[in-house]
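Per-entry structural report
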Amino acid sequence: MNDTATTAGAANRGELSPLSVSSASGSSPSVTADVLASESELRDWITLLKPRVLSLVVFTGLIGMVVAPGHLHPVLAFAAILSIAVAAGAAGAINMWFDRDIDAVMHRTRNRPIPTGRIAPEAALGYGIFLAGASVAVMYLATNTAAAAVLALSIGFYVFIYTMWLKRRTPQNIVIGGAAGAFPPVIGWAAVTGSVDLVPLLMFAIVFFWTPPHFWSLALYANADYRRAGVPMLPVVAGARETRRQIVLYTLVLVPVTLAPWLIGFSGMVYAISALALGGYFLACVWRVARDRQDADGVSLTNDRPARAAFKFSILYLFLLFGALALDRLIGPIPFSQLLG
Amino acid sequence: MMDLPEKIGRAESAEIGRRRKLRNWGLLLALLALSGLFYAVTIVKLMKPHL
């Protein structure tokens, strides 16, 4: 890491001013400053891993392992989940390295460690590459070749296909790039079974079709930010009205896809009813997005309140849907008549 | 004319040294954790060679 960048960045944030710490003093203010500096620097390195995204990645990976037929020793399962989390973080760090120019002009990302100069770009890149390699190696040692290969594929897809190729070129960036985020349940399944089956591919499809309504809901109200950075998100290129239409269309595809595990007999009624109820509510959310009060150009007159609500619910939706899938598998098939009492 | 490196003050030098020390401790802890993980994985694999 670049020390000059670190000290300059700390000063920029108005936190600890490095030059205010006297080299001659060995008193308690210096010790306090040490702790504060180490905490803020540690926070920056953690921020590079995009920790807020990790929870969903880890959760879907864990569900892939839970629903897979077979057993994995808890230590190996922990190593596998850790590998998935670290790999996702590594891809995030490399993404922040590559996108440092657009991060600097976007309101949402301009305080990230690289644009503020707190971490040097090349240090972030090295950190990302090291963690990516380490995560694949640990996955291979703890589980099997298939899981390690899919993990490596997911990192490569996110870095090369989404970050470097699609993100700045096409409004379909998050449709195709969203596949990167759909890999964790496949990796979790492969870690237990050593292969990739129809069921993990269905879980992949669920996350894949969930991604556009999720991200475009966010993009609707972060539109100005993406426009300023020149990122061709759908609302920037095709307008808010078309984006709302696409959100509804993808959700209409998503709901039947979520029923596929039940249709092929993998899961029972608990999951089917949960998927229908959650899908119905999600559809209602995106319908409100489509019916949002808007001007002639499609710009929301409600500060995109329905889009914000849909974005928030989309996260809960995926957690609950995958949670229901795991619950269904854990309690076993329950006949429909028994569910009705 | 050749660019000479900018001189840094004693306080800044101490700050850089302090940060480097903290980073080294962080790396040591991360490596110890990784070693522990490798050890645990190896023991489990040796116990259950079919995995």
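Keep in mind that what you see is a predicted model, and the values were worked out from it rather than measured. Along each chain, residues carry numbers from 1 onward, in the same order as the chain's sequence is written. The lettering of chains begins at A and the numbering of ligands begins at 1, in the order of writing. For this predicted model, a pLDDT threshold of at least 70 governs which residues receive local features, and a threshold of 80 or more governs which side-chain atom pairs are given and counted, while totals over whole chains, interfaces and linings are taken from all residues.

1. Section: the overall build of chain B
Runs of E in the DSSP output that reach at least two residues are strands. Runs of H or I that reach at least four are helices, and both are numbered from the N terminus. A tally of helices and strands in chain B yields one helix and zero strands. Any residue whose C-beta has 12 or fewer other C-beta atoms within 10 Å is treated as exposed, any with 20 or more as buried, and any in between as partly exposed, C-beta atoms being built from the backbone. For chain B, with 51 residues in total, the buried portion stands at 6%.

2. Points about the overall build of chain A
Per the secondary structure count, chain A includes 18 helices and zero strands. Relative to its full complement of 341 residues, chain A shows a buried share of 46%. Placing C-beta atoms from the backbone, we regard two residues as in contact once those atoms come within 7 Å. Looking at chain A alone, contacts between residues at least 24 apart form 73% of all its contacts between residues at least 6 apart.

3. Things to note about the nonpolar core
In plain words, the nonpolar core is the set of buried Ala, Val, Leu, Ile, Met, Phe, Trp, Tyr and Cys residues that C-beta atoms within 7 Å link up. Judged by nonpolar contacts, the single largest core of 97 residues is most densely connected at Ala80, Ala87, Ala93 and Leu151 of chain A. Every residue in contact with Ala87 of chain A, bar those within four places of it in the chain, is listed here: Ala132, Ser135, Val136, Leu151, Ser154 and Ile155 of chain A.

4. Details of helix α11 (residues 198–221) of chain A
Residues and elements named next belong to chain A. For a helix, the expected span equals 1.5 Å multiplied by the residue count minus one. Taking 1.5 Å per residue, 24 residues should reach 34 Å; α11 reaches 36 Å between its end C-alpha atoms and fits that length. The angle between axes fitted to the seven-residue stretch ending at a residue and the seven-residue stretch beginning at it gives the bend at that residue. In α11, a bend of some 30° at Thr211 exceeds every other bend along the element, and Pro212, a proline, comes one to four places later. Counted residue by residue, α11 has 20 buried out of 24 residues, so it is predominantly covered.

5. Structural notes on the confidence of the model for chain B
Confidence of the predictor at the level of single residues is captured by pLDDT, which takes values from 0 to 100. Mean pLDDT over chain B: 82, with 80% of residues reaching 70 or higher. Our summary of model confidence lists the complex with pTM equal to 0.83 and ipTM equal to 0.73.

6. Thoughts on unusual backbone geometry
Backbone phi values are negative for most residues with the exception of glycine, while trans is the configuration of most peptide bonds. Residues and elements named next belong to chain A. Notably, Asn303 is not glycine yet its phi reads approximately 60°, a positive angle. Position of Asn303 relative to the elements: it lies in the loop between α16 (269–290) and α17 (305–331). Given 9 C-beta atoms within 10 Å, Asn303 falls into the exposed group. Even without being glycine, Asp304 reaches a positive phi, approximately 55°. Looking at the element boundaries, Asp304 is found in the loop between α16 and α17.

7. Points about the confidence of the model for chain A
Per-residue pLDDT for chain A has a mean of 87; in total, 86% of the residues score no lower than 70. Between residues 1–27 of chain A, whose pLDDT stays under 50, and residues either more than four places distant or in other chains, the model counts 52 contacts.

8. Quick notes on helix α4 (residues 74–98) of chain A
Taking 1.5 Å of rise per residue, 25 residues should cover 36 Å, and α4 of chain A covers 36 Å from first to last C-alpha, within 8% of that figure. Extensive coverage of α4 of chain A is indicated by the burial of 20 of its 25 residues.

9. Some remarks on the packing of helix α3 (residues 51–67) of chain A against α4 of chain A
All names here are of chain A. Packing of α3 against α4 brings their axes to within 10 Å, and their N-to-C directions diverge by 145°. Considering how the two elements wind past one another, α3 and α4 form a crossing that is right-handed. Along the contact surface, α3 presents Val53, Leu54, Val57, Val58, Gly61, Leu62 and Met65, while α4 presents Ala77, Ala80, Ile81, Ile84, Ala85, Ala88, Gly89 and Gly92. In this analysis an axis means a line fitted to C-alpha atoms, helices contributing only their contacting stretch, and an angle means the value between N-to-C directions, from 0 to 180 degrees. Two helices crossing with the near one rotated counterclockwise from the far one by less than a right angle form a left-handed crossing, whereas a clockwise rotation gives a right-handed crossing.

10. Some thoughts on the packing of α11 of chain A against α17 of chain A
For any two helices packed against each other, one specifies the crossing angle of their axes together with the interaxial distance. Residue and element names in this part refer to chain A. One way to put it is that α11 packs onto α17 with a least axis distance of 8 Å and a crossing angle of 150°. As judged from the angle between their axes, α11 and α17 are roughly antiparallel. Judged by the twist between their axes, the crossing of α11 over α17 is left-handed. Only Ala307, Arg308, Ala310, Phe311, Ser314 and Leu318 of α17 make contact with α11, whose side of the interface consists of Trp210, Pro213, His214, Ser217, Leu218, Leu220 and Tyr221. Only Asp, Glu, Lys and Arg are considered charged, only Ala, Val, Leu, Ile, Met, Phe, Trp, Tyr, Cys and Pro nonpolar, and every remaining residue, Gly among them, polar. Each residue belonging to the contact of α11 with α17 can be placed in one class, and the counts come to nine nonpolar, three polar and one charged. The labels follow the angle: roughly parallel below 35 degrees, roughly antiparallel above 145, roughly perpendicular from 65 to 115, and oblique for the rest.

11. Comments concerning the environment of Arg169 of chain A
All names here are of chain A. With respect to the helices and strands, Arg169 occurs in the loop between α7 (145–166) and α8 (173–177). Taking the C-beta count within 10 Å as the criterion, Arg169 has 11 such neighbours and is therefore assigned exposed. Once the C-alpha coordinates of Arg169 and Val231 are considered, the two residues, 62 residues apart in sequence, prove to be 7.8 Å apart.

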